[in-house]
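Remarks on the overall topology
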Amino acid sequence: MIDEHFVVDAHVHTPRLPTLKPAWLDWARDFAGEYPWRTVYDEDGTVIPAAMDDLMAREGVDRVLLFCEYSPRATGIQAIEDNLPLAAYNPERFRLVANVNPHLHHPLVDEVERQLALGAVALKIHPVHGAFSPADKELYPVYALCAERGFR
């Protein structure tokens with residue numbers, strides 16, 4: 001017998017809206033169309049964990065990888081701490097993903113360690129938005145840490 005239940009993962013940015021550059025909000029408006037993404041935010045632009053959990057459940061999403069981003073020139077600062085309430089609300093569904101930017105975090109490996117200690121289960125780097133090279137030698141200790149931790 002084949003198990004007909006598939007685990008559905010989603011990769012999601014859930015930034016506090018005041019931290020974003022206007023271009024991100026324009027992109028979200030144009031790309032999302034009628035999708036009800038704004039319904040998960042309160043009047044201050046902060047995600048409401050119960051509303052986000054409910055939306056993901058209605059969409060059939062079992063696990064959500066929550067991205068933070070440190071790209072002040074492109075999208076803004078979306079700190080990992082902003083995702084902590086979601087991860088605490090439903091740790092079975094919501095998982096943190098670390099992010100670093102060599103222009104902002106020194107030493108990088110310490111910041112990755114700090115974000116992993118907050119519960120991050122993966123690391124995403126965003127060289128295009130962060131304006132750095134993925135081959136930057138400052139990232140080598142980060143890559144070594146990820147390999148040591150078994151990230152693939």
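Below: a short report on this structure. Note that this is a predicted model, so its numbers are computed, not measured.

Cut-offs and rules
- Residues numbered from 1 in each chain as written.
- Predicted model: local features only at pLDDT ≥ 70, side-chain atom pairs only at ≥ 80, totals over all residues.
- Heavy atoms only, no water.
- Disulfide = S-S within 2.5 Å.
- Buried < 20%, exposed > 50% of the residue type's maximum accessible area, 1.4 Å probe, protein only.
- Salt bridge = Lys/Arg side-chain N within 4 Å of Asp/Glu carboxyl O.
- Helix = DSSP H or I, 4+ residues; strand = E, 2+ residues; numbered from the N terminus.
- Contact = heavy atoms within 4.5 Å.
- Axes fitted to C-alpha atoms, helices over the stretch in contact; angles between N-to-C directions.
- Left-handed = near helix turned anticlockwise from the far one by under 90°.
- Pairing = 2+ DSSP bridges.

Some details on the state of the cysteines
This structure, assessed with the given rule, holds zero disulfides. You can see cysteine 68 has no disulfide; the closest cysteine sulfur is in cysteine 146, sitting 13 Å from it. Residue cysteine 68 is classed as buried on the basis of its relative accessible area, which comes to 2%.

Quick look at the pattern of salt bridges
Taken as a whole and assessed by the stated rule, the structure comprises nine salt bridges. Two residues, arginine 114 and glutamate 111, come together in a salt bridge whose shortest N-O distance is 2.8 Å. Here arginine 114 pairs with glutamate 111, and both are found in helix H4 (residues 108-117), just three residues apart, close to one helical turn.

Quick word on the side chain of histidine 126
Tracing the backbone through its elements, the reader meets histidine 126 in the loop between strand S6 (122-123) and helix H5 (127-130). Excluding residues within four positions of it along the chain, histidine 126 makes contact with Glu69, Asn99 and Phe132.

Points about the environment of tyrosine 143
Tracing the sequence through the fold places tyrosine 143 in helix H6 (residues 140-149). Along the backbone, tyrosine 143 and leucine 123 are 20 residues apart, and their C-alpha atoms lie at a distance of 9.5 Å. Those residues in contact with tyrosine 143 that lie beyond four places of it in its chain are Ile125 and Pro134.

Details of the packing of H4 against H6
Helix packing for two helices is described by the angle between their axes and how far apart those axes are. One can describe the packing of H4 onto H6 by two numbers: an axis separation of 8 Å at closest approach and a directional angle of 35°. Between H4 and H6 lies a crossing of right-handed hand. Of H6, the residues touching H4 (which contributes Leu108, Val109, Val112, Glu113 and Leu116) are Pro141, Val142, Leu145 and Arg149.

A closer look at the pairing of strand S1 (residues 9-13)
Look at any regular strand and the pattern is simple: side chains alternate between the two faces of the sheet. Burial along S1 is one-sided: Ala10 and Val12 are buried, and none of Asp9, His11 and His13, which face the opposite way, are. For S1 and strand S2 (residues 63-67), the ladder comprises five bridges, and the chain directions are parallel. By the bridge assignment, valine 12 is partnered in S2 with leucine 66.

Some words on the sheet that holds S2
Strand-to-strand pairing in sheets goes through backbone hydrogen bonds, with the strands running parallel or antiparallel. Strand order across the open sheet formed by four strands is S1-S2-S5-S6, with parallel pairing between neighbours. If you trace the sheet from one side to the other, it starts and ends with S1 and S6, each paired once. Where strand S5 (residues 94-98) meets S6, two bridges bridge the pair, whose relative direction is parallel. For alanine 98, the partnering residue across the bridge sits in S6 and is leucine 123.

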